[in-house]
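Structure assessment
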Amino acid sequence: MIQRIAKLIHRSLQPRRKSVKTASLKELQVIRSAMTSCVNDCEGIQAKRLHLKITSAATAQDLWMLRNDAYQVISQQHSQTEAATRINHLMEPFDGWVEPRQLVKIR
């Protein structure tokens, strides 16, 4: 019993391993391009801000977190259905670069 508790404590004190790998600059550019192309036909201040955020994102996780902003911009310019379709198509470029539990389709 004491050994089991000791193992649990030992595991909880160790740093967590990353379950996803870090994208190289080339791989990050592929993801960035996919994100940019899904909002390319959107105009306005929010779209311009989003383009700037996409350009300055440092990691695939940062880009994934912009998904909601992209959804908002697309839905305002087109429709919610179109926004969901475009955002769901982004799952493939992000596969392997963000936590699998985060790769959830928008309905």
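No experiment lies behind these values; they were computed from the predicted model shown.

1. Here we look at the packing of helix α3 (residues 45-56) against helix α5 (residues 67-77)
Between α3 and α5, whose axes approach to 10 Å, the crossing angle comes to 150 degrees. In terms of orientation, α3 lies roughly antiparallel with respect to α5. You can see that α3 and α5 cross each other, and the crossing is left-handed. Of α5, the residues touching α3 (which contributes Q46, A47, L50 and K53) are D69, A70, V73 and Q76.

2. Focus: a nonpolar patch on the surface
A cluster of nonpolar side chains, namely M1, I5 and I9, defines an oily patch on the protein surface of about 350 Å² accessible area. For M1, the location among the structural elements is in the segment before α1 (2-13). Of the residues examined, M1 reaches a relative accessible area of 77% and is grouped as exposed.

3. Here we look at the pattern of salt bridges
Under the counting rule described, the total for this entry stands at three salt bridges. In this structure, D69 engages K53 in a salt bridge whose closest nitrogen and oxygen atoms are separated by 3.3 Å. Of this pair, D69 sits in helix α5 while K53 sits in helix α3; the two residues are 16 residues apart in sequence, bridging distant segments of the chain. Notably, a salt bridge pairs R86 with E82, separated by 2.7 Å at the nearest N-O pair. Placement of both R86 and E82 in helix α6 (residues 80-89) is noted, with a separation of four residues, approximately one turn of the helix. The partly exposed category is assigned to E82, whose relative accessible area is 30%. Among the charged side chains, a salt-bridge network with shared partners connects D41, E82 and R86.

About the cut-offs
Residues numbered from 1 in each chain as written. Predicted model: local features only at pLDDT ≥ 70, side-chain atom pairs only at ≥ 80, totals over all residues. Heavy atoms only, no water. Axes fitted to C-alpha atoms, helices over the stretch in contact; angles between N-to-C directions. Helix = DSSP H or I, 4+ residues; strand = E, 2+ residues; numbered from the N terminus. Parallel < 35°, antiparallel > 145°, perpendicular 65-115°, else oblique. Left-handed = near helix turned anticlockwise from the far one by under 90°. Contact = heavy atoms within 4.5 Å. Patch = residues over 30% accessible without salt bridge, like charges linked within 9 Å, V, L, I, M, F, W, Y side chains within 5 Å. Areas by Shrake-Rupley, 256 points an atom, 1.4 Å probe, with all protein chains shown as cover. Salt bridge = Lys/Arg side-chain N within 4 Å of Asp/Glu carboxyl O. Buried < 20%, exposed > 50% of the residue type's maximum accessible area, 1.4 Å probe, protein only.

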